[in-house]
Amino acid sequence: MPDSNFAERSEEQVSGAKVIAQALKTQDVEYIFGIVGIPVTEIAIAAQQLGIKYIGMRNEQAACYAASAIGYLTGRPGVCLVVSGPGLIHALGGMANANMNCWPLLMIGGSSERNQETMGAFQEFPQVEACRLYTKFSARPSSIEAIPFVIEKAVRTSIYGRPGACYVDIPADFVNLQVNVNSLKYTECCMSPPISMAETSAVRMAASVIRNAKQPLLIIGKGAAYAHAEENIKKLVEQYKLPFLPTPMGKGVVPDNHPNCVGAARSRALQFADVIVLFGARLNWILHFGLPPRYQPDVKFIQVDICAEELGNNVKPTVTLLGDISAVSKQLLEELDKTSWEYPPESKWWKTLREKMKSNEAASKELASKKSLPMNYYTVFYHVQEQLPRDCFVVSEGANTMDIGRTVLQNYLPRHRLDAGTFGTMGVGLGFAIAAAMVAKDRHPGQRVICVEGDSAFGFSGMEVETICRYNLPIILLVVNNNGIYQGFDMDAWKETLKFQDPTAVVPPMCLLPNSHYEQIMTAFGGKGYFVETPEELQKSLRQSLADTSKPSLINIMIEPQATRKAQMESSFVTRLECSGMIWARYNLSLLGSNDSPASAS
């Protein structure tokens, strides 16, 4: 007699949406960010039923930023779920940003029904082809049965080798299509990426070059943070008394307050080092391409990277160490341990770096101590730094806001700083903060997220404040408000400019509406909002926000509209800021009808 239970199982049907959700669950996907609609709503519901966390966002681009940050923070890709056509197109910026930053990301996009292709279907768009430019892998499963295989491959591709974005296209008719459960086979969860190590001879050569260096420098990039190389790199720094410089997202791999951190003498360290070890840092615009005059013409680079194609970009390295950064740094430790060598802590090089650090720190403190109102950037950041929890995540974006904040706001833990990154993308802040807050709630209970935004940067995704309040995330938003992009007008200048003229003809392109009350966006959704103009108000509002863990906060900090960074050449942003200042001077002269030359004005 036939087994009735078997007969029932053999006839059991399951929808494509549930197959997708189960495939994601099998691959250890924890978080999905997105905006639902036709045809992907059922996928989000099915994922929630399996215990995957779904975070509904207000903009696909911000959702994609959040999903990519999950990949960086956890080592497994977050998923961004979007609708067809415009929904996917809105998310392309996030995909490009993930790929440029080398962060794992899985994008799942609904698309038009297969039987309507080329007919002008609803939101029809060549999505697989479009995504190939922004991803490591872009594909559409040929059937429901193929979905688990394709999703496993996408997850694996996103984390193997140089991490990046992957795209899986889901036709609308797949979502509710029913298939027999017995026709399905779920691919096992892909293993963690294999650990590769550098050639022994190359490690020996690198150790020899380091030992013979007169003016060595370690540069710690976000690749080192992603590789969890903090233990080995900290040992290298401390055991051999080596100076180190973190890139913006390499901050915290070794704590910023470590005595060997030379971040306050960045330009001097780069310009005069004779041997530089790059741990997961690329010689791109952030590091001035490794070229003179920012570097010595004969500087020796030792390049440590997971990606062979990155080795030798812009500058021919003296030694290349291809492999996992944590494993390779351990190899270097073992090789250097074979002799009783350390770099002399009282060397002329250390003396030069310490003197420069001292003078730069003094200049910053002088700016921070100014009592005039409105406040400047340094005053704001020094007061924030005083109260910043040591274990908090710091998210930062905006030109001056991010650039100056990086030099003042310290990080003590790896993978606890997120910013505009390799692609220099503005608008990432709130998406990154939401991702960091999810990770904090689930893996680091009690840790807070401090999201430091320029007023322009905040505007890219300000409605994500509603998302923050909806999920009651442990985020404190600081909007450093100078009324503009780079610089703005104060209210008196604004009124004078608009007196008898069309705003589109006279308002400088860099200006935003003065004294905008961004904090009211937070209070509109039930969070706490503060409008601050003095150091005392800033201290009080930050103290209250840190003490109140029941709801998120936004502190709108008014600063001098013409405030900039101190005069130095510490960043690629500086050139742009100086150009901006010259443009601003010319603009003011044109409004005033002055006959003075732009040169004298600037």
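Look up a bit, the structure's there.
The paragraphs below set out a description of the structure included in this document. Small disclaimer: the values here were computed from a predicted structure and weren't measured. (Residues numbered from 1 in each chain as written. Predicted model: local features only at pLDDT ≥ 70, side-chain atom pairs only at ≥ 80, totals over all residues. Heavy atoms only, no water.)

Across its full length, the protein chain holds 25 helices and 21 strands. A compact globule built from 602 residues should have a C-alpha radius of gyration of about 25 Å, and the protein chain, at 26 Å, falls within 12% of that. With respect to the principal axes defined by its C-alpha atoms, the protein chain has extents near 95 × 75 × 45 Å. Within the protein chain, the proportion of its 602 residues that are buried is 57%. Element-wise, carbon and sulfur atoms account for 54% of the exposed surface of the protein chain, whose accessible area totals about 24900 Å². (Helix = DSSP H or I, 4+ residues; strand = E, 2+ residues; numbered from the N terminus. Rg over C-alpha atoms; globule rule 2.2 N^0.38 Å. Buried < 20%, exposed > 50% of the residue type's maximum accessible area, 1.4 Å probe, protein only. Areas by Shrake-Rupley, 256 points an atom, 1.4 Å probe, with all protein chains shown as cover.)

The side chains of a regular strand alternate, residue by residue, between the two faces of the sheet. A large share of strand 7 (residues 165-171) lies buried, amounting to seven of its seven residues. The two faces of strand 7 match: A165, Y167, D169 and P171 on one face and C166, V168 and I170 on the other face are all buried. Where strand 5 (residues 105-111) lies against strand 7, seven bridges are found, and the strand directions are parallel. Pairing of I108 across the sheet is with V168, part of strand 7. Here strand 6 (residues 137-139) runs beside strand 7; their pairing, made up of three bridges, is parallel. Bridge pairing links A139 to V168 in strand 7. Regarding topology, helix 7 (residues 147-159) serves as the crossover connection from strand 6 to the parallel strand 7, and that connection is right-handed. (Pairing = 2+ DSSP bridges. Right-handed = clockwise from strand over helix to strand, strands pointing away.)

Here five strands make up an open sheet; going across it, the order is 10-9-11-12-13 and the pairing parallel. Each of the sheet's edge strands pairs with one partner strand only, and the pair in question is strand 10 (244-246) and strand 13 (319-322). Each neighbouring strand pair of the sheet contributes to a mean axis angle of 15 degrees, computed without reference to strand direction. Strand direction decides the pairing type here: strand 9 (residues 216-220) and strand 10, joined by three bridges, are parallel. Across the sheet, residue I220 finds its bridge partner in strand 10, namely P246. Where helix 13 (residues 325-336) meets the sheet, it contacts strand 11 (275-279), strand 12 (300-305) and strand 13, and its direction lies at approximately 140 degrees from that of strand 11. (Axes fitted to C-alpha atoms, helices over the stretch in contact; angles between N-to-C directions. Contact = heavy atoms within 4.5 Å.)

Taken in spatial order, the six strands make up an open sheet running 15-14-16-17-21-20, and their pairing is parallel. Every other strand in the sheet has two partners, leaving strand 15 (417-418) and strand 20 (528-532) as the edge strands with one partner each. In the sheet, strand 20 pairs with strand 21 (residues 553-558) via five bridges, with the strands oriented parallel. Its bridge partner being in strand 21, G529 is matched across the sheet by L554. Across the sheet, helix 16 (residues 399-408) touches strand 14 (393-397), strand 15, strand 16 (449-454) and strand 17 (475-481), and the angle it forms with strand 14 is around 140 degrees.

Of note, N472 is situated in the loop between helix 19 (464-470) and strand 17. Under the relative-accessibility criterion, N472 is labelled partly exposed at 37%. Measuring from C-alpha to C-alpha, the distance between N472 and K551 comes to 5.9 Å, with 79 residues separating the pair along the chain. If near-sequence neighbours (up to four positions away) are discounted, N472 is found in contact with K441, S550, K551 and P552. A distance of 3.1 Å separates the side chain of N472 from the backbone oxygen of S550, its partner in a polar contact. (Polar contact = N/O pair within 3.5 Å; in protein donor to acceptor, adjacent residues only side chain to side chain.)

A few words now on the nonpolar core. A general trend in soluble globular proteins is that nonpolar side chains are found buried together. Formed by 153 residues in total, the largest nonpolar core has its most connected members in L24, F33, L106, F279, L321, I475 and L477. For I475, the residues in contact, after removing those within four places along its chain, are A433, I434, A437, V449, C451, I468, P552 and S553. (Core = buried A, V, L, I, M, F, W, Y, C linked by side-chain atoms within 4.5 Å.)

Turning next to the pattern of salt bridges. Tallied over the entire structure, the rule returns 17 salt bridges. For R162, the salt bridge is made with E310, and the minimal N-O distance between the two is 2.7 Å. Here E310 lies in the loop between strand 12 and strand 13 and R162 lies in the loop between helix 7 and strand 7, a separation of 148 residues in the sequence. Classification of R162 as partly exposed rests on a relative accessible area of 26%. (Salt bridge = Lys/Arg side-chain N within 4 Å of Asp/Glu carboxyl O.)

With that out of the way, let us pick up the packing of helix 2 (residues 16-26) against helix 3 (residues 41-49). Helix 3 packs onto helix 2 with a crossing angle of 50 degrees between their chain directions and a minimal axis gap of 8 Å. Judged by the inter-axis angle, helix 2 sits oblique to helix 3. Crossing handedness for the pair helix 2 and helix 3: right-handed. Here A17, K18, I20 and A21 of helix 2 lie close against helix 3, whose contacting residues are E42, I43, A46, A47 and Q49. Considered class by class, the residues forming the contact of helix 2 with helix 3 number six nonpolar, one polar and two charged. (Parallel < 35°, antiparallel > 145°, perpendicular 65-115°, else oblique. Left-handed = near helix turned anticlockwise from the far one by under 90°. Nonpolar A, V, L, I, M, F, W, Y, C, P; charged D, E, K, R; others polar.)

That is the geometry; function is a separate question.
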